[in-house]
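Inside the fold
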Amino acid sequence: MVLLYFVAAFSVVVPAVVGPLLAYGPVRRLARGRLAAKTRESVAGLVTTLGRPATALAFVLFWAALIVAVFWPVGLLAHSLEEAVDWPVLLWVTDRRNPGFEDFNWVYTALGDRDPLKIVVVVAAVFFAPFWRRRFWIPLVAILASFPLEQYVQAILSGMVNRGHPPTGLGSYPSGGIARIVMTFGAIALFAALTWRMSRRWHVVLGTVVLVMATYEGYSRIYVQKHWITDVISGLVFGPALFLGYAVAVCVLAGRYPRQAPPEPELRESAAAGPEAAGTAPGGVPDATVSVAAAQAAAAPAP
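Owing to the predicted nature of the structure, the values given are computational and were not obtained by experimental measurement. (Residues numbered from 1 in each chain as written. Predicted model: local features only at pLDDT ≥ 70, side-chain atom pairs only at ≥ 80, totals over all residues. Heavy atoms only, no water.)

Right, let's get into the pattern of salt bridges. In this structure the tally under the stated criterion is 8 salt bridges. Among the salt bridges present, the one from Lys226 reaches Asp113, with a minimum N-O distance of 3.5 Å. Here Lys226 is found in the loop between α10 (200-223) and α11 (229-253), whereas its partner Asp113 is found in the loop between α6 (99-109) and α7 (114-128), with 113 residues between them in sequence. Two residues, Arg163 and Asp231, come together in a salt bridge whose shortest N-O distance is 2.9 Å. Separated by 68 residues along the polypeptide, Arg163 in the loop between α8 (137-161) and α9 (176-195) and Asp231 in helix α11 bring together distant segments of the chain. Side by side, Arg163 and Asp231 carry an identical accessibility label, which is buried. If you follow the salt bridges from partner to partner, you end up with Glu82, Asp86, Arg163 and Asp231 in one network. (Salt bridge = Lys/Arg side-chain N within 4 Å of Asp/Glu carboxyl O. Helix = DSSP H or I, 4+ residues; strand = E, 2+ residues; numbered from the N terminus. Buried < 20%, exposed > 50% of the residue type's maximum accessible area, 1.4 Å probe, protein only.)

Right, here's the structure in full:
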């Protein structure tokens, strides 16, 4: 019984420590790497050709298909480990549960259920919309879309793997409760970062809070025996992986990714020198007199 309490504390402390370490280490290096640069170039080309809304939609559909392709064989592997891993863990937890602590975990694990998160998603979308003024439709569409995106991708994977569920619960592969926590509260954290000016430290704090919530959701699902442990482990990878593609699509839609390149030095110097230096009249229209005079001065021989 004491060991289960230790695992509960472990599921909170570890992501609280590992989250910032990943954000300032591997994640930062990956964001500055060659793959990220190639992705930015590809997305920029699509934005130029299709526009931002179509590019965001195309990217999120491509990412969802990629997630299905990757997690399908992972699900088959999880299914093959049912006898060797899932059943021993289920029986071990069954023998060591405490009724009082079980009640707490039943309350917490309900946070990842569909019904309460539907309310959270709607409230979040309505809350952020006024802050975006004329682009109010972006949080309305994007935050509301996070829920069906997770639900249908998870349902597709569950049907393809079709591994069943523990006899004590109805949870299937991968853990949808974990993925819904990541997608819902991750979307809220993402729009908080897009709506208000925040330092990188606050971005890391918000991401770490979502990670801790998702990790303990996984623990609670094992404790109340709603999921096999391999469903939970897969969900802890599936949720953040799906959210990554969703976050990129939202940033494309909002005009935050990829960022436009700054103007060339020559253009900045011309703009700083005033409209006359660029052969433009003060009204912003090219001035023929200024342009002709400049051409004659350039063609005249030096005295």
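Along the chain, Asp86 falls in helix α5 (residues 82-94). Within the structure, the side chain of Asp86 is placed 2.6 Å from the side chain of Arg163, a separation counted as a polar contact. Here the side chain of Asp86 touches Thr230 through a polar contact of 2.9 Å, side chain to side chain. The residues contacting Asp86, other than those within four sequence positions of it, are Ala78, Leu81, Arg163, Trp228, Ile229 and Thr230. (Polar contact = N/O pair within 3.5 Å; in protein donor to acceptor, adjacent residues only side chain to side chain. Contact = heavy atoms within 4.5 Å.)

Turning our attention to helix α1 (residues 2-24). When the terminal C-alpha atoms of α1 are compared, their 34 Å separation across 23 residues agrees well with the 33 Å that a helix rising 1.5 Å per residue should span. For α1, the full list of buried residues reads Leu4, Ala8, Ser11, Pro15, Gly19 and Ala23. (Expected span 1.5 Å × (residues − 1).)

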